[in-house]
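Here is how the chains run, residue by residue.
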Amino acid sequence: MELNTGLTKAQREGVIGLLKTLLADEYILYTKTRNFHWNVTGPLFSDLHKFFESQYDDVDGKIDEVAERIRALGGVAPGSLGEMLALATLQEVPGGSMKSQEMVGALLQDHEKLIVFLRGALDAAQTKHGDAGTGDFLTGLMEDHEKMAWMLRSMLE
Ligand SMILES: [Fe+2]
């Protein structure tokens, strides 16, 4: 059934496109953070193992919110790992390929890339596509990623 919520099909498709890229990037970030939770080594193992878990739990919640917003706007949420990889802008890393400090730096870099993407996407959602709801949603996500990035940054010298 067609939506009748005051947004045109073109406006909805515009924001759905942004949300699909975001969903795929959150998926990559989730997988990378979980990879690091499993494979971290060194004297900070216990702290980092727990810290990475708290971050991937947080990102896991965001994945669900983004996918369900795509559905609420009448779109189809990408649902396979192949689709996520094709849509994502962030890069995966193999298990066991980084030392603990490199892991923290790699996650920080990804969060910062997402923050830059979100800053542009929230503006486009509001001004280009006329969707204040998605703009507000993306603003909240950006603030959450800013907080996660701060925690990662604080672990680096
Ligand atoms: Fe675990």
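Scroll up for the structure.
What counts, and where the lines are drawn
Residues numbered from 1 in each chain as written. Predicted model: local features only at pLDDT ≥ 70, side-chain atom pairs only at ≥ 80, totals over all residues. Heavy atoms only, no water. Helix = DSSP H or I, 4+ residues; strand = E, 2+ residues; numbered from the N terminus. Rg over C-alpha atoms; globule rule 2.2 N^0.38 Å. Contact = heavy atoms within 4.5 Å. Areas by Shrake-Rupley, 256 points an atom, 1.4 Å probe, with all protein chains shown as cover. Lys, Arg positive; Asp, Glu negative; His and termini not counted. Charge placed at Lys NZ, Arg CZ, Asp CG, Glu CD. Patch = residues over 30% accessible without salt bridge, like charges linked within 9 Å, V, L, I, M, F, W, Y side chains within 5 Å. Salt bridge = Lys/Arg side-chain N within 4 Å of Asp/Glu carboxyl O. Expected span 1.5 Å × (residues − 1). Buried < 20%, exposed > 50% of the residue type's maximum accessible area, 1.4 Å probe, protein only. Phe/Tyr/Trp six-rings, centres within 6.5 Å; stacked < 30°, edge-to-face > 60°. Axes fitted to C-alpha atoms, helices over the stretch in contact; angles between N-to-C directions. Parallel < 35°, antiparallel > 145°, perpendicular 65-115°, else oblique. Nonpolar A, V, L, I, M, F, W, Y, C, P; charged D, E, K, R; others polar.

Draft legend 1. The overall build of the protein, seen in detail. Looking only at helices and strands, the protein features five helices and zero strands. In the protein, the succession of α and β elements from N to C terminus is α-α-α-α-α. A globule of 157 residues ought to have a C-alpha radius of gyration of about 15 Å, and the protein, at 17 Å, matches this closely. Considering only C-alpha atoms, the protein reaches an extent of 55 × 30 × 20 Å along its principal axes. Looking at the protein alone, contacts between residues at least 24 apart form 80% of all its contacts between residues at least 6 apart. If you sum the accessible surface of the protein, you get close to 8,400 Å²; carbon and sulfur atoms cover 53% of it. Both charge centroids of the protein, one from 15 positive and one from 24 negative side chains, sit 3 Å from each other.

Draft legend 2. How the structure looks around a negative patch on the surface. Judged by side-chain charge, Glu53, Asp57, Asp60, Asp64, Glu65 and Glu68 come together as a negatively charged surface patch. Within the secondary structure layout, Asp60 lies in helix H2 (residues 45–72).

Draft legend 3. Just H2, in detail. For H2, spanning 28 residues, the distance from its first C-alpha to its last is 40 Å, which sits close to the expected 40 Å at 1.5 Å a residue. Those residues of H2 lying buried are Leu48, Phe51, Phe52, Gln55, Tyr56, Val59, Lys62, Ile63, Val66, Ala67 and Ile70. Directly after H2, the chain includes Gly74, whose backbone phi takes a positive value near 90°.

Draft legend 4. Main features of the packing of aromatic side chains. Overall, the coordinates contain three aromatic pairs when judged by the stated rule. Ring centres of Phe36 and Phe52 lie 6.1 Å apart, and the angle between their planes is 55°; this geometry places the pair in the tilted category. Of this pair, Phe36 sits in helix H1 (residues 9–39) while Phe52 is found in helix H2, placing the two residues 16 residues apart along the sequence. According to the relative accessible area criterion, Phe36 is buried, its value standing at 1%. Note on Phe51 and Phe52: the rings are 6.1 Å apart at their centroids and 50° apart in plane angle, and the pair reads as tilted. Aromatic ring contacts, followed pair by pair, group Phe36, Phe51 and Phe52 into a single cluster.

Draft legend 5. Structural context of the environment of Leu107. Relative to the helices and strands, Leu107 resides in helix H4 (residues 100–128). Overall, the relative accessible area of 0% leaves Leu107 in the buried class. Sequence separation of Leu107 and Met155 is 48 residues, and the distance between their C-alpha atoms is 11 Å. The contact partners of Leu107, leaving out residues within four places of it in the chain, are Leu29, Lys32, Thr33, Phe36, Phe52 and Leu152.

Draft legend 6. Spatial organisation of the packing of H2 against helix H5 (residues 132–153). Following both chains from N to C, one finds H2 and H5 inclined at 170°, their axes separated by 12 Å at the closest point. In terms of orientation, H2 lies roughly antiparallel with respect to H5. Of the residues in H5, those touching H2 at Phe51, Gln55, Asp58, Val59, Lys62, Glu65, Val66 and Arg69 are Gly133, Thr134, Phe137, Leu141, Asp144, His145, Met148, Met151 and Leu152. When grouped by side-chain class, the residues that make up the contact of H2 with H5 number eight nonpolar, four polar and five charged.

Everything listed is a geometric property; what it means functionally is a separate question.
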